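Residues per chain are reported as follows:
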Amino acid sequence: MNYKVYFKNYLEKLKDENLYREIPLFDKGDSKYIEIKNKKLLNLASNNYLGLSNKKEIKEGAIKAIKKYGCSSSASRIVTGNFLLYNELELGLAKFKGYEAALIFNTGYVANLSIISAICDKNWVIFSDKLNHASIIDGTLLSKAKHERFRHLDYEHLETILKRYNKDVKKLIITDTVFSMDGDVADLEKIVKLAKDYNALVMIDEAHATGIFGKGRGLAHELGLEKEIDINMGTFSKGLGSFGAYVCCNKSIKDYLVNKARGFIFSTSLPPAVIGANLAAIKFIKENYQLGERLIEISKKLRKKLNEIGFNTLNSSTQIIPIIIGNREKLQIAKDFLIESGLYVAAIRPPTVPIGTDRLRLSLRADLTDDELELIVEGFRKLKERI
Ligand SMILES: *Cc1c(COP(=O)(O)O)cnc(C)c1O
């Protein structure tokens, strides 16, 4: 085996298939405007939905924590990596989300891997929406549980699959609440009902809903369903403008995770700065939850205009708006055309999304002004004429 050639060939193949990924040379990719080739573009691709990543109050939370505790936790929390800020954050978060307990993980990716593989083993069956995040799929694979994927948002299909297993089989139903590629939402009421009927545990991922729905507490809170959802996971890294992840659950599931979740036990805990920022972010969102409401409102208005122009936005009902373009060539043309109009929009291709649904994806932010919204509408109006 010639390893040099092995990697090179693999990359060449990706390039041939147009699937090669590169890290773009952005500076301040979280900010509202980014610069590419000396051109100032409105940034509609970041997950900084509420513009909190550079918020004074949150930065000060991080700075205060660094001053008091330094830059590293230097160990897993199970050893010496805990500090009291952690406990304060978990207590506050549990209360904020309406749960008995909360546990912090280093990232959303690690949280899903660790939680799912800690709870499930080969004797479990995991029922997962086909469009769930990659970290849920990877956690499921790591757990060795039986993996049953139901069609996206198709709860009749979910029930058909649930029926195949007898009552004693241990079951976990998992869903994103806001889906990152389609911008639509799970029907948590239906999921909760099925979980009751078939005696399954329910886990949700609120990564794109945290800070936005339910007065910042997520979609489960908005629907008043916290009590019915056993494992409520989310992140600080998107709407909350910081970093890291959490799970809210009852005390015994938390203690179970502390004992079994390998991503928690075998990794150095987040540094003080991150915990300080997270605490400040929760405080900020409690007092400023209208930001999320505004975001949903402007998303609705913009989506309506895009539909009037003739774009298909699937079933989006959130700040994430997919705009179906169709094929790879058209998608590249569309993306370049929008850059000329001053808009930076993500272009998403298969295999990330199904073939034929190559799309642009708008990630809106609450601080878009009326003028900026008009700029988006105009850009898309012209794009429609172009393609
Ligand atoms: C972004 C995301 C994650 C991963 O969270 P990170 O903190 O970025 O690792 C997990 N689940 C969903 C649905 C996400 O969108």
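Residues numbered from 1 in each chain as written. Predicted model: local features only at pLDDT ≥ 70, side-chain atom pairs only at ≥ 80, totals over all residues. Heavy atoms only, no water.

As named in an unreviewed UniProt entry, the protein chain is 8-amino-7-ketopelargonate synthase, taken from Deferribacter desulfuricans. Turning to the protein chain, the UniProt record has this under Sequence similarities (unreviewed entry): "Belongs to the class-II pyridoxal-phosphate-dependent aminotransferase family. BioF subfamily." Taken directly from UniProt, the Pathway (unreviewed entry) text for the protein chain runs: "Cofactor biosynthesis; biotin biosynthesis." (UniProt positions renumbered as here; feature names shortened; annotations may be inferred.)

Taken together, the 3 strands give an open sheet; going across it, the order is β10-β13-β12, and neighbouring strands pair in antiparallel fashion. The sheet terminates laterally at β10 (320-326) and β12 (346-348), the two strands that pair on one side only. This sheet shows a mean twist of 30° between the axes of neighbouring strands, independent of strand direction. When β12 meets strand β13 (residues 358-363), the two strands line up antiparallel, connected through 3 bridges. Within β13, the position partnered with alanine 346 by the bridge is arginine 361. Strands in contact with helix α12 (residues 290-309) are β10 and β13; relative to β10, the strand with the most contacts, it is inclined by about 15°. (Pairing = 2+ DSSP bridges. Helix = DSSP H or I, 4+ residues; strand = E, 2+ residues; numbered from the N terminus. Axes fitted to C-alpha atoms, helices over the stretch in contact; angles between N-to-C directions. Contact = heavy atoms within 4.5 Å.)

Further remarks concern the domain arrangement of the protein chain. Taken domain by domain, the protein chain consists of domain 1 (18-47 + 289-386) and domain 2 (56-287). Summarising the inter-unit geometry, the C-alpha centres of domain 1 and domain 2 are found 27 Å apart. With 21 residues of domain 1 at the contact, the number on the domain 2 side is 20 residues. For the pair domain 1 and domain 2, the summed buried surface comes to about 1600 Å²; carbon and sulfur atoms form 61% of the total. If you sort the residues of domain 1 by the area they bury against domain 2, Asn47, Tyr289 and Ile320 come out on top, with a joint share of 36%. Our enumeration of links across domain 1 and domain 2 arrives at 1 salt bridge. Aspartate 182 is the salt-bridge partner of arginine 359, the closest N and O atoms lying 2.6 Å from each other. Where domain 1 packs against domain 2, one counts 7 residue pairs in polar contact (both at pLDDT 80 or more). If you list the elements that add at least two residues to the side of domain 1 that touches domain 2, you get α12, β10 and β13. (Domains from an automatic or database assignment. Buried area = accessible area lost by both parts, 1.4 Å probe. Salt bridge = Lys/Arg side-chain N within 4 Å of Asp/Glu carboxyl O. Polar contact = N/O pair within 3.5 Å; in protein donor to acceptor, adjacent residues only side chain to side chain.)

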